[in-house]
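Residues per chain, in single letters:
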Amino acid sequence: MSPLKPNFFIVGAAKAGTTSLYHYLAQHPAVYMSPIKEPNYFSTDINLNAIRPQVKERISLLNIDAFIKGPMKTNIHRAFITEEDQYLALFRNAKSETALGDASASYLYSNVAAKNIYSFNPKAKIIIVLRQPVQRMYSHYLMDRRMAVTTLDFQKALLEDKSNPSKSWGSKSLYYELSEYYEQVKRYYDVFPSTQILVLLSDELRQDAPNTIKIIFRFLEVSPDFEPNLKREFNSGVLPRNSIVTKIITNNYLRIRIRQAISNKSIKYIIKKILFKKTTEEKLSEEANNILLEYFNSDINKLSKLIHMDLNKWLKIK
C-alpha cells in the first residue's frame with residue numbers, strides 16, 4: 001500500500017491568515033492537515049545554514065524526528081523537513097479524510113516550490129491567501145516584535161531588513177520581498193491549471209469567514225455544509241505585556257518546555273491572553289504610507305490582471 005500523499009497546499013502568503021485557515025480546515029471530518037503546520041518540504045531552495053540561529057535552536061529543541069516517529073497527537077507550527085519518508089509520515093494518521101493538506105507559507109516565496117509540488121502531485125489544489133501588502137508588512141513586523149526579533153520602530157525595521165543582502169527564507173524578515181506577490185503567484189499559474197488554484201484575499205476570510213470557508217470546502221470537494229468553529233483568531237497581532245514576558249519568549253528552552261508541558265489548547269489560549277495584549281495598527285505618516293503604496297503599485301496592478309481580481313482598494317490610503 002502506497003503512503004498517503006497530500007493533495008492540497010495552502011502556499012501563503014505569510015501573515016495573511018494561513019494559520020487561522022489551517023485550524024479552521026482541520027476541523028472538517030473530511031480534511032486532514034499535516035500535524036506540522038509548515039513542513040516547508042517543497043521549498044528546497046531554503047538555505048538551512050542561513051536560518052536565524054534562534055529559529056534553528058527552537059526547532060532543535062522540538063526534536064522533530066522523535067515527533068514524527070511518535071503518535072503526532074499535537075501540532076508543531078514549523079519545521080524544515082528534507083527527507084521524503086519523514087514528509088509522507090506526516091500523513092500516515094489520515095483515515096477516511098479525502099483532502100490532505102500542507103500549509104507552508106514559504107511555498108509562495110520559494111522559486112522552486114511550485115514546480116516541486118507539481119512534480120509531486122500534478123493534480124494538487126493550490127490555495128493562496130493574499131493580504132494588502134503594507135498591512136502584511138506591518139503584521140509581520142508585529143510578529144517580529146512579539147518574538148523579540150526586533151525592537152526597532154516600523155520604519156527603521158523595514159530599512160534594516162531591506163539593507164540585509166540575504167534573500168533566503170528565514171535568514172531575515174523579507175518585509176518587502178514577501179509582499180511583492182506578482183512573481184510569486186505567477187509561478188503557480190505557470191505550472192498549474194487555473195482551475196486548480198484558488199486565490200483569496202485575507203479581508204474575505206476576516207470579514208466573511210463562514211462564506212469564505214464554504215468556498216474553500218467546495219474547492220476541496222468536501223461537504224460545504226460543515227460549520228467549523230470560527231470564533232478564535234490564530235497568530236493575531238499581539239505584543240508582550242511587559243519585559244518579563246519578553247524574556248520568557250526569547251528563552252527558547254523555557255518557551256518550548258512550557259508549550260510542551262501544557263497540551264490543552266484552551267489553557268494555552270487563556271495563557272496567551274494573559275501574557276500578550278492586542279495592539280492597534282501603528283499609524284504611518286501620510287508620506288510614509290504613500291511611499292510604500294507607490295512601491296507596490298506596479299506589482300499590484302500586474303497581480304490584478306493575473307488573477308482577474310480588482311485590487312484597487314489595496315491602493316487606497318487609510
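Throughout, a residue's number is its position along its own chain's written sequence, starting from 1. Two thresholds apply to this predicted model, a pLDDT of at least 70 for residue-level local features and 80 or more for giving and counting side-chain atom pairs, whereas whole-chain, interface and lining totals are computed over all residues. Note that water and hydrogens are dropped before the side-chain values are worked out from all heavy atoms of the structure.

Chemist: I keep staring at the packing of aromatic side chains and nothing clicks. Help me out?
Modeler: How two aromatic rings sit relative to each other is given by the distance of their centres and the angle of their planes. Stacked, edge-to-face and tilted labels apply to pairs of Phe, Tyr and Trp rings (six-membered ring for Trp) whose centres lie within 6.5 Å, assigned for plane angles under 30 degrees, over 60, and everything in between, in that order. Within this structure, the stated rule accounts for 21 aromatic pairs. Between the aromatic rings of Tyr188 and Phe192, the centroid separation amounts to 6.3 Å while the plane-to-plane angle is 15°, which identifies the pairing as stacked. For the pair formed by Tyr188 and Phe192, the shared burial category is buried. Three or more aromatic residues joined by ring pairs make a cluster, and in this case those are Phe9, Tyr32, Tyr41, Phe42, Tyr87, Phe91, Tyr107 and Phe120. Throughout this description, the term charge over a ring refers to an Arg CZ or Lys NZ atom that lies within 6 Å of the ring centre and within 35 degrees of the ring normal. Above the ring of Phe120, the side-chain terminus of Lys5 is found at 4.3 Å from the ring centroid. One residue, Lys162, lies across the ring of Tyr176, its end atom 4.5 Å from the ring centre. Relative accessibility under 20% of the residue-type maximum defines a buried residue, over 50% an exposed one, and the middle range a partly exposed one, all with a 1.4 Å probe and only protein chains included.

Chemist: Would you take a moment to explain helix H1 (residues 18–26) for this structure?
Modeler: A turn of α-helix holds 3.6 residues, and therefore any two residues three or four places apart point the same way. Secondary structure follows DSSP: runs of H or I at least 4 residues long count as helices, runs of E at least 2 residues long count as strands, and numbering of each begins at the N terminus. Most of H1 sits inside the fold, with eight of its nine residues counted as buried. Taken as a whole, H1 has its buried residues at Thr18, Thr19, Ser20, Leu21, Tyr22, His23, Tyr24 and Leu25.

Chemist: Can you help me understand the packing of H1 against helix H12 (residues 209–219) in this one?
Modeler: Two quantities define a packed helix pair, namely the angle between the helix axes and the distance between the axes. In contact at an axis separation of 11 Å, H1 and H12 are set at 65° when each is read in the N-to-C sense. As summarised for this structure, H1 and H12 are arranged roughly perpendicular, according to the angle between their axes. Crossing handedness for the pair H1 and H12: right-handed. Contact with H1, carried on its side by Leu21, Tyr24 and Leu25, involves Ile213, Ile216 and Phe217 of H12 and no other residues of that element. A fitted line through C-alpha atoms serves as each axis, taken over the contacting stretch for helices, and the angle formed by two N-to-C directions is quoted from 0 to 180°. By the definition adopted for this analysis, an angle is roughly parallel if under 35 degrees, roughly antiparallel if over 145, roughly perpendicular if from 65 to 115, and oblique otherwise. Helix crossings get a hand from a simple test, with the near helix turned counterclockwise from the far one by less than a right angle marking a left-handed crossing and a clockwise turn marking a right-handed one. Contact between two residues is taken to exist if any of their heavy atoms lie within 4.5 Å; hydrogens are not considered.

Chemist: Explain the sheet that holds strand E5 (residues 99–102) here, please?
Modeler: Through backbone hydrogen bonds, the strands of a sheet pair up, either in parallel or in antiparallel fashion. Between any two strands, at least two bridges found by DSSP are needed for them to pair. With parallel pairing, the five strands of this open sheet are ordered in space as E2-E5-E1-E6-E7. Strands with a single pairing partner mark the edges of an open sheet, and in this sheet they are strand E2 (31–33) and strand E7 (197–201). Across the sheet, the mean angle separating the axes of adjacent strands is 20° when strand polarity is ignored. As defined by bridge partners, E2 adjoins E5 across three bridges and the pair is classed as parallel. Bridging across to E5, Met33 finds its partner in Gly101. Where H12 meets the sheet, it contacts strand E6 (125–130) and E7, and its direction lies at approximately 175° from that of E7.

Chemist: What is the right way to read the nonpolar core from this model?
Modeler: By convention a nonpolar core is built from buried Ala, Val, Leu, Ile, Met, Phe, Trp, Tyr and Cys residues, the set being connected through side-chain atoms within 4.5 Å. In terms of nonpolar packing, the biggest core is built from 93 residues, with Tyr87, Leu130 and Tyr188 touching the most fellow members. No other element matches the seven residues that helix H16 (residues 286–307) contributes to this core. Excluding residues that lie within four positions of it along the chain, Tyr188 makes contacts with Val11, Tyr107, Leu108, Ala113, Ala114, Ile117, Ile126 and Ile197.

Chemist: Could you clarify how one ought to interpret the pairing of E7 in this entry?
Modeler: Two faces, one strand: in a regular strand the side chains alternate between the faces of the sheet. Within E7, five of the five residues are buried, which leaves it mostly tucked inside the rest of the structure. Of the two faces of E7, the one lined by Ile197, Val199 and Leu201 and the one lined by Leu198 and Leu200 are each fully buried. Here E6 pairs with E7 via five bridges, running parallel. Residue pairing for E7: Ile128 is matched across the bridge by Val199.

Chemist: I would appreciate a short explanation of the pattern of salt bridges in the present structure.
Modeler: It is possible for side chains bearing opposite charge to pair when their charged atoms get close. Salt bridges, as used here, are contacts in which a Lys or Arg side-chain nitrogen is within 4 Å of a carboxyl oxygen on Asp or Glu. Evaluation of the coordinates by the stated rule reveals seven salt bridges. The partner of Asp203 in a salt bridge is Arg206, with the nearest N and O atoms 2.4 Å apart. Note that Asp203 and Arg206 are positioned in helix H11 (residues 202–207) at a spacing of three residues, about one turn of the helix. Accessibility expressed as a relative area gives 12% for Asp203, which makes it buried. Residue Arg206 is classed as partly exposed on the basis of its relative accessible area of 48%.

Chemist: Teacher, can you tell me more about the environment of Met143 here?
Modeler: In this fold, Met143 is placed in helix H7 (residues 133–146). When the C-alpha positions of Met143 and Lys15 are compared, they lie 8.8 Å apart, and in sequence the two are 128 residues distant.

Chemist: Explain the packing of H7 against helix H8 (residues 154–163) here, please?
Modeler: Packing of H7 against H8 leaves a shortest axis separation of 11 Å and a crossing angle of 95°. Between H7 and H8, the crossing angle belongs to the class labelled roughly perpendicular. Of the residues in H8, those in contact with Met137, Tyr138 and Tyr141 of H7 are Phe154, Ala157 and Leu158. Asp, Glu, Lys and Arg are counted as charged, while Ala, Val, Leu, Ile, Met, Phe, Trp, Tyr, Cys and Pro are counted as nonpolar; the rest, among them Gly, fall into the polar class. Here the residues of the contact of H7 with H8 sort into six nonpolar, no polar and no charged.

Chemist: Looking at this structure, how should I read unusual backbone geometry?
Modeler: Leave glycine aside and you will find that most residues have negative phi; peptide bonds, for their part, are mostly trans. With an omega of 10°, the peptide bond between Gly12 and Ala13 qualifies as cis. Inspection of the secondary structure puts Ala13 in the loop between strand E1 (8–10) and H1. In the Ramachandran plot, Leu174 falls in the positive-phi region, its phi being about 60° despite a non-glycine side chain. Within the fold, Leu174 resides in the loop between H8 and helix H9 (175–178). Judged by its relative accessible area of 1%, Leu174 is buried.

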